Amino acid sequence: MNLRGKKITVHDMTLRDGMHPKRHLMTLEQMKSIATGLDEAGVPLIEVTHGDGLGGSSVNYGFPAHSDEEYLSTVIPLMKQAKISALLLPGIGTVDHLKMAHELGVNTIRVATHCTEADVSEQHIKFARKLEMDTVGFLMMSHMASPEMLVSQARLMEGYGANCIYVTDSAGHMLPADVKLKLGTVRDALKPETELGFHGHHNLAMGVANSIAAVEVGATRIDAAAAGLGAGAGNTPMEVFVTVCAMMGIETGVDVAKIQDVAEDLVVPIMDHPIRVDRDSLTLGYAGVYSSFLLFAKRAEKKYGISAREILLELGRRGMVGGQEDMIEDTALTLARERGLI
Amino acid sequence: MTQKIKCALIGPGNIGTDLLYKLQRSPVLEPVWMVGIDPTSEGLKRAQDMGLKITADGVDGLLPHVKADNIQIAFDATSAYVHAENSRKLNELGVLMIDLTPAAIGPFCVPPVNLVQHVGQGEMNVNMVTCGGQATIPMVAAISRVQPVEYGEIVATISSKSAGPGTRKNIDEFTRTTSGAIEKVGGAKRGKAIIIINPAEPPLIMRDTVHCLVEGEPKQQEIIDSVHAMVAEVQKYVPGYRLVNGPVFDGNRVSVFLEVKGLGDFLPTYAGNLDIMTAAAARTAEMFAEEILKGTLTLQ
């Protein structure tokens with residue numbers, strides 16, 4: 001398919017999804033230098049929040065080094081061209097957080113729900129629209145729902161006022177054919193002026209391929225992170241995606257060399273561990289498990305002697321969804337007790 | 001024959017109907033009226049078949065009968081938005097309100113923690129917090145009665161099928177009301193509440209996790225004993241309340257992993273979140289009814 005001349009918006013995840021592998025402990029200096037680098041490279045939209053969105057600061061997901069307010073108010077004034085977005089998961093964050101983000105100058109709010117539960121986003125999407133924010137409905141774990149279900153949920157969010165809908169592969173489980181089928185079906189069902197977006201995880205090394213497949217069926221916003229810094233095996237690596245787009249003639253407005261330098265010089269050095277497809281992140285993709293469960297499962301392995309892979313497979317079998325990080329320790333405890341380890 | 005206190009239920013939905021089943025078994029409460037707003041509602045018809053008087057004109061349809069039928073306690077299972085009006089109108093007639101909405105006009109009531117404190121306070125409206133609050137605040141309290149809790153956090157996971165339109169439309173109310181009650185009733189200095197809706201089939205039984213950060217080293221044995229004692233208290237009115245794992249100690253963190261299985265009265269057993277609300281409301285009303293019958297409480 002010839003995509004030459006197609007314009008898309010790349011949306012950077014390094015400072016939000018990238019908070020997961022950093023256990024939400026990114027320093028303000030790291031945020032500043034990476035955000036400035038992304039801005040100079042021409043990335044038009046950058047997400048800055050706790051990995052689990054506004055209000056994610058908790059025992060369950062991890063306490064961040066700084067509050068959302070501190071991160072946002074540090075980064076926003078430095079931006080020359082890039083706009084800043086924030087993520088909000090109803091049930092974790094509230095409209096109060098949304099108001100705070102808006103007051104600090106956040107341009108885009110992304111309201112995320114499990115892919116079958118879009119109706120919990122009504123009060124947040126409506127409120128963001130009233131504030132005339134760029135408002136995105138974000139359907140997580142989309143591999144778990146049929147194209148028809150995704151259409152019904154996307155339409156709910158569109159009806160509340162979202163001007164862009166994301167089909168999100170939170171588990172990095174989808175293959176390019178699934179991406180085309182699901183996003184294509186949703187694209188046909190939405191109003192022409194409603195944008196469509198894709199957020200990938202690289203657990204099966206499909207981040208770039210899936211994102212290109214999404215563009216082929218009409219997605220105009222693509223999430224990616226410099227050096228892939230994100231949950232699981234990371235997000236779609238931004239520098240690779242931008243380079244592939246340049247080769248295919250897809251216009252991202254991002255400078256190929258500069259984004260490579262951000263990844264190499266600013267992001268790789270701050271990694272606590274290599275972001276790669278190891279047996280555990282591969283299991284996330286294989287079993288369709290929420291990518292941010294990875295480090296929790298590895299910690300439970302150390303503490304309870306049950307392999308992270310087994311824990312993740314069990315969580316997949318039990319149909320756990322995003323946000324149920326508490327069930328990782330619970331599952332490890334139950335398995336350990338059954339085996340007489342505790 | 002023992003005398004019973006006559007009650008009205010407002011809202012013939014899932015919660016109202018399940019509550020009706022529980023009230024019919026009560027030795028001290030007698031459900032007399034079911035109040036709805038839709039004459040074609042199945043819930044109203046069901047209540048009528050069960051022998052209740054019904055009205056589809058909302059609380060205004062009930063008001064003229066309050067005196068004649070000697071209604072002394074009303075349960076509101078509608079929404080936070082209409083609760084204030086319902087409560088005002090019925091309080092004027094001397095009816096005590098048990099609020100199952102997140103309106104929280106009156107003080108929070110979590111039976112095993114603070115029910116007895118409400119005795120003799122002359123309150124005309126008590127609020128049942130939220131399902132997640134009823135399931136978790138007893139555990140926060142069980143820990144905070146051993147040693148100070150600087151931070152209490154709860155994660156409630158409910159099945160998609162048991163999350164009604166009211167909860168979905170106003171999910172922020174859940175987080176706000178629950179976190180407030182973790183502090184006010186649970187005794188944590190700061191509270192946070194998280195709710196997750198899971199669509200798995202067959203529906204998952206309600207799960208609740210309580211994380212507390214205590215001041216100083218956790219007094220492990222005392223906390224374990226206190227948690228077990230509190231589980232037993234809750235089991236008195238919610239037999240399917242179960243400690244799955246924990247208490248787990250990790251530095252100053254104490255975590256407790258719970259499951260709440262309902263009785264399956266009207267709602268299926270997986271909907272422990274709804275069952276614990278109706279069971280707590282019924283238990284609260286029974287305590288007030290016992291006080292009225294003993295003559296130690298007069299409503300006015």
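From a predicted model like this one, the values you see are computed outputs, not experimental measurements.

**Student:** Would you mind going over the sheet that holds strand β6 (residues 125–127) of chain B in detail, with residue names and values included?
**Tutor:** Residues and elements named next belong to chain B. Spatial ordering of the open sheet is given by β3-β2-β1-β4-β5-β6, a layout of six strands whose pairing is parallel. Each end of this open sheet is capped by a strand with a single partner; those strands are β3 (53–55) and β6. For this sheet, the mean angle separating the axes of adjacent strands, direction not counted, is 25 degrees. The pairing of strand β5 (residues 96–99) with β6 spans three bridges and is classified as parallel.

**Student:** With reference to specific residues and values, describe the interface of chain A and chain B.
**Tutor:** Taken together, the 24 residues of chain A in the interface contact 28 residues of chain B. Looking at which element gives the most residues to the side of chain A that touches chain B, the answer is helix α13 (residues 326–338) of chain A, with five residues. Of the residues that constitute the side of chain A that touches chain B, the class distribution is seven nonpolar, 11 polar and six charged.

**Student:** If you had to explain the domain arrangement of chain B to someone new, which residues and values would you point to?
**Tutor:** All names here are of chain B. Domain boundaries assigned for chain B yield domain 1 (5–128 + 277–294) and domain 2 (131–270). Computed over C-alpha atoms, the centres of domain 1 and domain 2 are 25 Å apart. Contact with domain 1, which involves 21 residues of that partner, is made by 23 residues of domain 2. If you list the elements that add at least two residues to the side of domain 1 that touches domain 2, you get α1 (14–24), α5 (111–114) and α10 (272–294). When residues in the side of domain 1 that touches domain 2 are grouped by element, the largest group, five residues, is from α1. Classifying every residue of the side of domain 1 that touches domain 2 gives 13 nonpolar, five polar and three charged.

**Student:** Go over unusual backbone geometry, please, and point to the residues and values.
**Tutor:** All names here are of chain B. For the peptide bond that leads from E201 to P202, omega is -10 degrees, which places it in the cis range. Within the fold, P202 resides in the loop between β8 (188–198) and β9 (206–214). Of note, the bond from G246 into P247 is cis; its omega dihedral lies within 30 degrees of zero at 0 degrees. At A104, a position not held by glycine, the phi torsion is positive, near 55 degrees. On the secondary structure map, A104 appears in the loop between β5 and α5.

Definitions and cut-offs
- Residues numbered from 1 in each chain as written.
- Chains lettered and ligands numbered in written order.
- Predicted model: local features only at pLDDT ≥ 70, side-chain atom pairs only at ≥ 80, totals over all residues.
- Pairing = 2+ DSSP bridges.
- Helix = DSSP H or I, 4+ residues; strand = E, 2+ residues; numbered from the N terminus.
- Axes fitted to C-alpha atoms, helices over the stretch in contact; angles between N-to-C directions.
- Contact = placed C-beta atoms within 7 Å.
- Nonpolar A, V, L, I, M, F, W, Y, C, P; charged D, E, K, R; others polar.
- Domains from an automatic or database assignment.

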